[in-house]
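Summary of structural features
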Amino acid sequence: MVKVNKTLANPGGLTVKQWLMIEDIIRDIKNGKGIFPMKSARKFYRVKNDNSAYQIAHQNLSRLNFRKALLKALEENNIIGQEGKIGKELKKGLNATYKTKFGDIPDYKTRLEYIKEINKICGLY
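Criteria and thresholds
- Counting of residues starts from 1 at the beginning of each chain's written sequence and follows it residue by residue.
- Note on the predicted model: pLDDT of at least 70 is required for a residue's local features to be given, and 80 or more for side-chain atom pairs to be given and counted; whole-chain, interface and lining totals, by contrast, use all residues.
- Excluding hydrogens and water, the side-chain figures rest on all heavy atoms present in the structure.
- A run of H or I in DSSP becomes a helix once it reaches four residues, and a run of E becomes a strand once it reaches two; helices and strands are each numbered from the N terminus.
- Pairing between strands is defined by DSSP: at least two bridges between the two strands are required.
- A fitted line through C-alpha atoms serves as each axis, taken over the contacting stretch for helices, and the angle formed by two N-to-C directions is quoted from 0 to 180°.
- Each helix crossing is assigned a hand: it is left-handed if the near helix lies turned anticlockwise from the far helix by less than a right angle, otherwise right-handed if that turn is clockwise.
- By definition, residues are in contact when any of their heavy atoms lie within 4.5 Å.
- Side-chain classes are defined by residue name, with Ala, Val, Leu, Ile, Met, Phe, Trp, Tyr, Cys and Pro counting as nonpolar, Asp, Glu, Lys and Arg as charged, and the others, Gly among them, as polar.
- Where a domain begins and ends is set by an automatic assignment or by a domain database.
- Relative orientations are named as follows: roughly parallel for angles under 35 degrees, roughly antiparallel for angles over 145 degrees, roughly perpendicular for angles from 65 to 115 degrees, and oblique for any other angle.

Focus on unusual backbone geometry
- The residue Asn78 is not glycine, and still its phi comes out positive at about 55 degrees.
- Note that Asn78 resides in the loop between α4 (64-76) and α5 (85-94).

The following block contains the structure:
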């Protein structure tokens, strides 16, 4: 991979293809399609098959500068963060309950799954 110098305009030192990949991921999330980095890698890199696209997506996601840029873009687009889409859903999930004959009981399993998923997305898990 080509070494890109960090500048004020490009503090993460990302390539054009990496920026395009991040923008495509953000666009998909905004359209409610979810996170599919392999699809974005296939779109902007020359790949022979799905395995090659997977490898490129995996390599990019394992780079600290790429992950930081992706998280920053997710936050700037109100996808993650306290008032972002995920933050609002997390608040709902943290209040999950189920009904019993004794009334509403906290659903700890669902609450834990919400916390795990958010931490995976943010790279903390």
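Section: the pairing of strand β1 (residues 97-100)
- In terms of strand pairing, β1 meets strand β2 (residues 103-106) through four bridges, oriented antiparallel. Of the residues in β2, the one forming a bridge with Tyr98 is Ile105.
- Hairpin connection of β1 to β2: two residues between the antiparallel strands.

Looking at the environment of Pro11
- Take Pro11: it is sitting in the segment before α1 (16-30).
- When the C-alpha atoms of Pro11 and Gly103 are compared, they prove to be 53 Å apart, with 92 residues separating the residues in sequence.

As for the packing of α1 against α4
- Packing of α1 against α4 brings their axes to within 10 Å, and their N-to-C directions diverge by 35 degrees. Taken as a pair, α1 and α4 cross one another with a handedness that is right-handed. Listed contacts from α4 to Gln18, Trp19, Met21, Ile22, Ile25, Ile26 and Ile29 of α1 are Phe66, Ala69, Leu70, Ala73 and Leu74.
- Here the residues of the contact of α1 with α4 are counted per class, giving eleven nonpolar, one polar and no charged.

Considering the domain arrangement of the chain
- Partitioning the chain into domains gives domain 1 (16-77) and domain 2 (85-122).
- For domain 1 and domain 2, the distance between their C-alpha centres works out to 28 Å.

Some thoughts on the packing of helix α3 (residues 50-62) against α4
- At a minimum axis distance of 5 Å, the contact between α3 and α4 shows a crossing angle of 85 degrees. Here α4 runs roughly perpendicular to α3, going by the angle between their axes. Residues Asn60, Leu61 and Ser62 of α3 form the contact with α4, whose own contacting residues are Leu64, Phe66, Arg67 and Leu70.
- Looking at the contact of α3 with α4, its residues break down into four nonpolar, two polar and one charged.

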